Amino acid sequence: SSELPALVGDGGVFLDGLDAGVTIDCGGADVGFWVRAPDVTIEGLTVHGCRGTGFLSGGAIRIDGAADRVTIRRMSLFDNDGSGVFVYVDRRHEVHVEDSEFHDNRFDSIHVQRERRPDAGSCDGPRSTISRNRITNSGTGFGEGGIFLVGTDCYDVIENDVASCEATGIKLTASGNLNRVLRNR
């Protein structure tokens with residue numbers, strides 16, 4: 001598969017395109033950013049045109065591997081065949097997706113999937129957040145639409161606007177009861 005560079009290593013990466021108006025056109029690559037390192041912040045970028053057609057192929061931003069303490073903030077993620085943000089991990093992690101715009105993503109705009117859950121039923125440590133995002137016209141292909149959490153615990157889904165999603169606004173499947181879903185519309 002074709003993809004743009006991965007963010008790997010010991011972490012401490014901060015990408016900020018907020019004042020520069022930076023746009024990443026994936027040009028059909030599977031993934032715009034593949035985050036595999038801890039302590040990564042991506043802020044203020046526009047990412048579109050990522051193919052990400054397979055279930056695990058991602059979309060604009062894929063987070064997996066050693067990724068932990070990842071923040072996605074003030075982004076515009078649109079017109080991706082995969083997800084806007086795709087998180088696929090097998091352990092506890094901390095991810096924050098905040099104040100971003102998602103539209104016309106064929107799969108879920110935000111998809112979080114956790115495979116192994118030996119610590120299910122416990123939220124010791126920091127919680128992850130998905131907050132103050134606006135999601136429209138997503139899930140037009142093979143996804144659920146807005147925010148889809150599979151097998152997760154310890155997520156706060158707060159004040160997102162998912163009213164204009166093509167299919168489902170927010171869906172939790174095989175998740176524990178430690179997620180909090182508050183004040184979304």
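Quantities reported herein were computed from a predicted structural model and do not represent experimental measurements.

Calculation criteria
Residues numbered from 1 in each chain as written. Predicted model: local features only at pLDDT ≥ 70, side-chain atom pairs only at ≥ 80, totals over all residues. Heavy atoms only, no water. Helix = DSSP H or I, 4+ residues; strand = E, 2+ residues; numbered from the N terminus. Buried < 20%, exposed > 50% of the residue type's maximum accessible area, 1.4 Å probe, protein only. Contact = heavy atoms within 4.5 Å. Areas by Shrake-Rupley, 256 points an atom, 1.4 Å probe, with all protein chains shown as cover. Disulfide = S-S within 2.5 Å. Phe/Tyr/Trp six-rings, centres within 6.5 Å; stacked < 30°, edge-to-face > 60°. Lys NZ or Arg CZ within 6 Å of the ring centre and 35° of its normal. Pairing = 2+ DSSP bridges. 1 Å grid on protein atoms, 1.4 Å probe; cavity = no way out; pocket = protein on both sides within 12 Å on 5 of 7 lines; lining within 4 Å. Points joined across faces, edges and corners; volume = space filled by probe spheres on them. Nonpolar A, V, L, I, M, F, W, Y, C, P; charged D, E, K, R; others polar. Axes fitted to C-alpha atoms, helices over the stretch in contact; angles between N-to-C directions.

1. Quick word on the overall build of the protein
Helix and strand content of the protein: zero helices and 20 strands. Looking at the protein residue by residue over its 185 residues, the buried ones come to 51%. Here the contacts in the protein between residues at least 6 apart in sequence split such that 76% fall between residues at least 24 apart. Summing over all exposed atoms, the protein offers an accessible surface of approximately 7,700 Å²; the carbon and sulfur share of this is 48%.

2. Notes on the state of the cysteines
In the structure shown here, the tally under the stated rule is one disulfide. Across a sulfur-sulfur distance of 2.0 Å, Cys26 and Cys50 are joined as a disulfide pair. In this pair, Cys26 is assigned in the loop between strand 3 (23-25) and strand 4 (33-35) and Cys50 in the loop between strand 6 (46-48) and strand 7 (59-64), connecting sequence segments 24 residues apart. The pair Cys26 / Cys50 is uniform in exposure class, with both members buried.

3. Let's talk about the packing of aromatic side chains
For any pair of aromatic rings, geometry is given as the distance between the ring centres together with the angle between the planes. The final tally for this structure, using the stated rule, is one aromatic pair. A centroid spacing of 6.3 Å and a plane angle of 20° characterise the contact between Phe86 and Tyr88, whose relative ring orientation is stacked. Cation over ring: Arg36 sits above Trp34, and NZ or CZ is 3.9 Å from the ring centre.

4. Notes on the pairing of strand 13 (residues 110-114)
A regular strand carries its side chains on alternate faces of the sheet. Most of strand 13 is tucked away: five of the five residues are buried. Going residue by residue along strand 13, you find Ile110, Val112 and Arg114 tucked away on one face and His111 and Gln113 tucked away on the opposite face as well. Across five bridges, the pairing between strand 10 (residues 83-89) and strand 13 is parallel. Within strand 13, the residue paired with Val87 across the bridge is Val112. Taken together, the four bridges between strand 13 and strand 16 (residues 145-150) define a ladder with parallel strand orientation. Of the residues in strand 16, the one forming a bridge with Ile110 is Ile147.

5. Overview of the environment of Val95
For Val95, the location among the structural elements is in strand 11 (residues 95-98). Its relative accessible area of 3% is what places Val95 among the buried residues. Residues Val95 and Pro126 lie 31 residues apart in sequence; the distance between their C-alpha atoms is 9.5 Å. Here Val95 is in contact with Ile63, Val70, Val87, Ser128, Thr129 and Tyr155, once residues within four sequence places are set aside.

6. Focus: empty space enclosed by the protein
Throughout the structure, instances matching the rule amount to one cavity of 30 Å³ or more. Quantified by volume, the largest cavity comes out at close to 60 Å³. Taken together, Arg92, His93, Arg114, Ser128, Thr152, Asp153, Cys154 and Tyr155 make up the lining of the largest cavity. Per-class residue counts for the lining of the largest cavity are two nonpolar, three polar and three charged.

7. What about the sheet that holds strand 8 (residues 68-73)?
Sheet strands associate in pairs through backbone hydrogen bonding, adopting either a parallel or an antiparallel arrangement. Pairing is parallel in the open sheet, where seven strands are placed in the order 2-5-8-11-14-17-20. In this open sheet, the two strands that pair with only one neighbour each are strand 2 (13-16) and strand 20 (180-182). Shown here is a sheet whose adjacent strand axes are inclined to one another by a mean of 5°, direction ignored.

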